[in-house]
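Residue-level structure breakdown
Spelled out from the first residue to the last, the chains are:
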Amino acid sequence: MSYEISDEEKLKIAVHFMLSSPPGEINEVLTDVRVLLDNDNLLNQTALSAFREYNKTQMYATELPELDYPLLITEYGELSPNTYLDPRSKRVYSFDHIQQTFSGEFREAESSEIFSAVEDYRSAIDMAINQYVFEYFADHSATVYEQKGKEIVICISAKKYSPQNYWNGTWRSVWKLNIKNGKVKMKGTIKTLVHLYEAGNVQLNTLKEESVDVTVSDPESTGTSIAKAIFETEHKYQKALQLNYLEMGDTTFKSLRRKLPITGEKVNFYNIYSKKIIGQTSNNKK
Amino acid sequence: MTDEQLDCALDLNRRLPPTNVEDNLAGLIDLVPDLTEDLLTSIDQPLKVATDNGYGRDYLLCDYNRDGDSFRSPWSNQYFPKLKDGALPSKKLRDLEVQANEMFDVYRDLYYEGGVSSVYMWDTEDGFSACVLIKKVGEQNVKKPIQGVWDSIHVIEVTDKGRVATYKITTTVMLSMITEQKESGSINLSGSITRQSETDLKFEDQSSHLINMGKVVEDMESKVRNTLDQIYFGKTFDIVNDLRSMNGLKVDRTRKEEQQKVFQNIVNSGNN
């Protein structure tokens, strides 16, 4: 009989699988994991925290009740395991991690819960970024936070789910801004994840770190320059991705397996068999 | 219960990152140890390469040439590490297996210009089965920074039906493209697709089986290669462009409307 690991170790594996779910598929993964673990008591103890961590990593975005814009679920806005700050309205919203919706409950943020030393800049950046995501992302979701020490964090999260066509994808960028000595130092991390699963499992996973500087002036102009810098950097990155794709498809793929042999014709197996062409192949090449 | 568990394990395997397929399989086995044999048979892994030192040739490892912890070389028909009474194909089937390995070696050279291939056969009630494996690791260096790896796993069930034989082929091709570069950062495009088909072909003697298997594998690989091309280098990137538009959503909308106008004009002029 094979060595069997403890229940706690099995739970760790189950949670790890849940956190590795592609965008839009955590419920399907939970269903699978529930059947494999076969221990609902154990699973229910950690399911909520697994969903919470997943939603934050995904920067899951959904519409706020009675407001016409979405709020992102992120570590930057988390005030408690199920409450999240909306820096724009200065309200704190309750979020149901398993249902992935805002419950409708909210309250005004306490002064201790928000930083507003550079609120005029945060607000201007918020407007400029929202203009950018509205124009370039079909699923336009972005939240701009002020954090301790006047650091500003811009979170952009776009998702597209098409399970009926067996694919899902996200684009997530996080830009951290430090305003100091008349300059804004920006550090960005851009991630894309695409999952295709019609009779197979194909995943694209990309990660890019960026660094850009912008000069500070009045809030509105600064907001515009920042959004412009982000737009240009992300645009350049997407172009670089495209070039890589072309190379992968044209060069790398072809050098793995040709479309046809060099003769330009399909193989004549009868000839190979009857002529017994043995030992004349390049069998020592890798 | 076990059937449902196997279905869930396979569903999970289609969702977890394919680049971690070995860890995923280990995790699944740890979760449900009773399913170990089923999981090892149903979940494809990137092929490992071993060397038959006696013959000076490489061969591929899979569940079909495994007995315990040893693997049988298709060249010498011996197990490494040495195994007493390891499972072997019948003499008649071994002769066919030898010829199949030689034939697919040529096929591999023609299409892959490198790489390693192996064919393993086993007797079944109404015929025999064969697995045809091919692995190609692309060249990677400063000038070619993208690492590509191709694994073909074909399992063919051959059923003798008198003058005709049925060849049922199940194919999985695993393809990965990984690179790390200054302008485009880290890119990992990995995964596999699986296809099946069934063909009836005439057969006179054992040599027909070889030729028929060759055709069946070649046809399947051609189709799968096309699909991989479309999915990997077409569809995945289309989705990235759906997430973030290169030209802006307004431009996209205008272009789409113009395209529809042109299409409508064509339809209208066709109707006149």
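Residues numbered from 1 in each chain as written. Chains lettered and ligands numbered in written order. Predicted model: local features only at pLDDT ≥ 70, side-chain atom pairs only at ≥ 80, totals over all residues. Heavy atoms only, no water.

With that out of the way, let us pick up the side chain of R172 of chain A. All names here are of chain A. Here R172 is to be found in strand 9 (residues 167-180). Among buried Asp, Glu, Lys and Arg side chains, R172 stands out as unpaired, with E75 the closest opposite charge at 10.0 Å. Within polar-contact distance, the side chain of R172 engages the backbone oxygen of T57 at 2.9 Å. Beyond its immediate stretch of four places on either side in the chain, R172 contacts T57, Q58, M59, I156, S157, T189, I190, K191 and L193. (Helix = DSSP H or I, 4+ residues; strand = E, 2+ residues; numbered from the N terminus. Buried < 20%, exposed > 50% of the residue type's maximum accessible area, 1.4 Å probe, protein only. Lys, Arg positive; Asp, Glu negative; His and termini not counted. Salt bridge = Lys/Arg side-chain N within 4 Å of Asp/Glu carboxyl O. Polar contact = N/O pair within 3.5 Å; in protein donor to acceptor, adjacent residues only side chain to side chain. Contact = heavy atoms within 4.5 Å.)

Below, the discussion takes up the pairing of strand 10 (residues 185-202) of chain B. Across eight bridges, the pairing between strand 11 (residues 200-215) of chain A and strand 10 of chain B is antiparallel. Each bridged residue has a counterpart across the sheet, and for L207 of chain A the counterpart in strand 10 of chain B is S186 of chain B. Taken together, the 18 bridges between strand 9 (residues 164-181) of chain B and strand 10 of chain B define a ladder with antiparallel strand orientation. In the sheet register, M177 of chain B faces strand 10 of chain B, and the bridge partner there is L189 of chain B. (Pairing = 2+ DSSP bridges.)

Right, let's get into the side chain of E210 of chain A. All names here are of chain A. Inspection of the secondary structure assignment puts E210 in strand 11. For E210, a relative accessible area of 15% puts it in the buried group. At 3.5 Å, the side chain of E210 and the side chain of K208 are in polar contact. Other than its neighbours up to four places away in sequence, E210 contacts W175, M186, K187, G188, I190, T233 and Y237.

All names here are of chain A. Pairing analysis gives 14 bridges linking strand 9 to strand 10 (residues 183-196), with the strands arranged antiparallel. Within strand 10, the position partnered with I179 by the bridge is V184. Taken together, strand 9 and the strand that follows it, strand 10, pair antiparallel across an intervening segment of two residues, in which N181 is found at a positive phi of about 50°. Inspection of the sheet shows strand 10 paired to strand 11 by 14 bridges, in the antiparallel sense. Residue pairing for strand 11: V194 is matched across the bridge by L204. Hairpin connection of strand 10 to strand 11: three residues between the antiparallel strands, including A199 at a positive phi of 50°.

Let us now look at the nonpolar core. Ranked by size, the top nonpolar core spans 85 residues in total, and within it I129, I154 and M186 of chain A carry the most contacts. Counting residues per element, this core draws most heavily on helix 5 (residues 206-243) of chain B, at 15 residues. Apart from the residues lying within four places of it in its own chain, the contact partners of I154 of chain A are I125, I129, T143, V144, S173, V174, W175, L177, I226 and I230 of chain A. L43 of chain A together with C62, C131 and V155 of chain B belong to the second largest nonpolar core, which has 48 residues in total. (Core = buried A, V, L, I, M, F, W, Y, C linked by side-chain atoms within 4.5 Å.)

Turning our eyes to something else, we now look at helix 3 (residues 40-58) of chain A. Residue and element names in this part refer to chain A. The first and last C-alpha atoms of helix 3 sit 25 Å apart over 19 residues, in line with the 27 Å expected at 1.5 Å per residue. Of all the residues in helix 3, the buried ones are L42, L43, A47, A50, F51, Y54, N55, K56 and Q58. Immediately downstream of helix 3, the backbone of M59 shows phi near 50°, a positive value. (Expected span 1.5 Å × (residues − 1).)

Moving on: the sheet that holds strand 3 (residues 78-80) of chain A. Residue and element names in this part refer to chain A. Pairing within the open sheet is antiparallel, and its four strands lie in the order 3-4-5-6. Two strands bound the open sheet, and with one partner strand each, they are strand 3 and strand 6 (101-108). When strand polarity is set aside, the average angle formed by the axes of neighbouring strands in this sheet is 35°. Inspection of the sheet shows strand 5 (residues 91-96) paired to strand 6 by five bridges, in the antiparallel sense. Bridge pairing in strand 6 links R91 to E108. (Axes fitted to C-alpha atoms, helices over the stretch in contact; angles between N-to-C directions.)

Across chain A, the average pLDDT comes to 93, with 95% of residues at 70 or higher. Contacts from residues 282-286 of chain A, a stretch scored under 50 in pLDDT, to residues over four places away or in other chains number 14 contacts. (pLDDT = per-residue confidence, 0-100.)

What follows concerns the domain arrangement of chain A. All names here are of chain A. Each assigned domain of chain A is listed here: domain 1 (1-57), domain 2 (63-114) and domain 3 (129-248). On a C-alpha basis, the centres of domain 1 and domain 2 stand 26 Å from each other. Taken together, the contact between domain 1 and domain 2 spans eight residues of the former and ten residues of the latter. Across the domain 1/domain 2 interface, buried area totals approximately 790 Å², and carbon plus sulfur atoms make up 56% of it. When the buried surface of domain 1 facing domain 2 is broken down by residue, R52, N55 and K56 rank first, second and third, together holding 66% of it. Applying the counting criterion to the domain 1 and domain 2 interface returns two salt bridges. (Domains from an automatic or database assignment. Buried area = accessible area lost by both parts, 1.4 Å probe.)

Here we come to the packing of aromatic side chains. For the coordinates displayed, the defined rule picks out 23 aromatic pairs over all chains. For the ring pair F104 of chain B and Y107 of chain B, a centre distance of 5.8 Å and an interplane angle of 80° mean the geometry is edge-to-face. Residue F104 of chain B and its partner Y107 of chain B are both found in helix 4 (residues 91-112); the two are separated by three residues, about one turn of the helix. For the pair formed by F104 of chain B and Y107 of chain B, the shared burial category is buried. Put simply, the rings of Y60, Y84, Y93, F95, F102 and F106 of chain A pair up and form one aromatic cluster. Seen from the ring of Y69 of chain A, R88 of chain A lies directly overhead, with NZ or CZ sitting 4.2 Å from the centre. (Phe/Tyr/Trp six-rings, centres within 6.5 Å; stacked < 30°, edge-to-face > 60°. Lys NZ or Arg CZ within 6 Å of the ring centre and 35° of its normal.)

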